[in-house]
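Residue strings, one per chain:
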Amino acid sequence: MDKQTKTIDKLAPIPMFYQLKQILLSDIESNFYPVGTMIPTELELSNMYNISRTTVRQAVLDLVREGYLTRQKGKGTIVAKQKLHHVFVQQIESFNSEMQRLGKIPTTEILGFKKIKATSYIAQVLNLANGADILYMHRRRMVDGEPIVTIITYLPFERCSFLIKYKMEKESLYDLLSLNLDTRIVQVTRRIEVTEANEQDMKLLDIKKGKPIQLFYTVGKNKEGVPIEYSIARYRGDRSSFNVTIRME
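Everything numeric here is computed off the predicted structure, so don't read it as measured data. (Residues numbered from 1 in each chain as written. Predicted model: local features only at pLDDT ≥ 70, side-chain atom pairs only at ≥ 80, totals over all residues. Heavy atoms only, no water.)

## Some thoughts on the sheet that holds strand 8 (residues 212-221)
Within a sheet, adjacent strands bond to each other through the backbone by hydrogen bonds, running parallel or antiparallel.
Line of reasoning, step 1. Strand order across the open sheet formed by 6 strands is 4-5-6-9-8-7, with antiparallel pairing between neighbours. A strand with exactly one partner marks an edge of an open sheet, and here the two such strands are strand 4 (106-117) and strand 7 (187-196). Shown here is a sheet whose adjacent strand axes are inclined to one another by a mean of 15 degrees, direction ignored.
Line of reasoning, step 2. Relative to strand 8, strand 7 is paired through 10 bridges, and the arrangement is antiparallel. (Pairing = 2+ DSSP bridges. Helix = DSSP H or I, 4+ residues; strand = E, 2+ residues; numbered from the N terminus. Axes fitted to C-alpha atoms, helices over the stretch in contact; angles between N-to-C directions.)

Printed below as a string of structure tokens:
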């Protein structure tokens, strides 16, 4: 790639830091600067594009904040492993389908799968009696071998006991629930929060304690509005971002 073909237009109404940011982003996405390699220093970029170091610093800091770059003390500014951009639209899509669409290889590890008694809160969410039988499932999901998210799911046992005969590490939960009309999920409500990684996250997601975790609470309902699924997902904040599309009709 010829770096000389990329220049900063100082007469353009577009801020110079933003022009540099887009140049660097293009170089990262085209693999001119591969993951794990250093980009030029502030001084080098300043000389390359004949702009001030303050302008360079603003562009670089924007890319650091957005997760494209990371600064390592004693090393410099390094291209970070890019986040997985999840898209939430009105259509329900399984994790496996989404990752395959992105050209990734998803895998699932089952950490727990058994019948338990519902706590008062879980019973309330699933519209069950206190202490009712529920199906508990704990999964860790990887993308290209890297842990991305852990998910704890609660399902009403009476309706969903048929899942026990399936190998859930190989199957899509939503696809299996769609086999029966009364368990097919047609409506999903999600609440999103941000928290810090705890000791279990450190172990299961290979993330440092205190790093950001994107926390998703999901309730899935069937066509009758009956709650079928309650899930709590903990995504690595350094490896995931989410886009939400809302259609106005």
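After that view, the rundown keeps rolling.
## Here's the deal with the environment of Lys75
Line of reasoning, step 1. Inspection of the secondary structure puts Lys75 in the loop between strand 1 (69-72) and strand 2 (76-79).
Line of reasoning, step 2. For the pair Lys75 and Met38, spaced 37 residues apart in sequence, the C-alpha separation works out to 8.1 Å.

## What to know about unusual backbone geometry
Line of reasoning, step 1. Look at Asn31: it is not a glycine, yet its phi comes out positive at around 70 degrees.
Line of reasoning, step 2. Within the secondary structure layout, Asn31 lies in the loop between helix 1 (16-29) and helix 2 (42-49).
Line of reasoning, step 3. Residue Asn31 is classed as partly exposed on the basis of its relative accessible area, which comes to 49%.
Line of reasoning, step 4. For Asn127, which is not a glycine, the phi torsion comes out positive at approximately 60 degrees.
Line of reasoning, step 5. Here Asn127 lies in the loop between helix 5 (120-125) and strand 5 (133-143). (Buried < 20%, exposed > 50% of the residue type's maximum accessible area, 1.4 Å probe, protein only.)

## As for the nonpolar core
Line of reasoning, step 1. Leu20, Leu24, Ile39, Leu45, Tyr49, Val60 and Leu69 are the most contacted members of the largest nonpolar core, which has 19 residues in total.
Line of reasoning, step 2. Residue assignment for this core shows that the elements contributing at least two residues are helix 1, helix 2 and helix 3 (53-65).
Line of reasoning, step 3. When residues of this core are assigned to their parent elements, the largest contribution, 6 residues, is made by helix 1.
Line of reasoning, step 4. Core analysis: the next-biggest nonpolar cluster, separate from the first, contains 14 residues, Leu155, Cys160, Phe162 and Leu177 among them. (Core = buried A, V, L, I, M, F, W, Y, C linked by side-chain atoms within 4.5 Å.)

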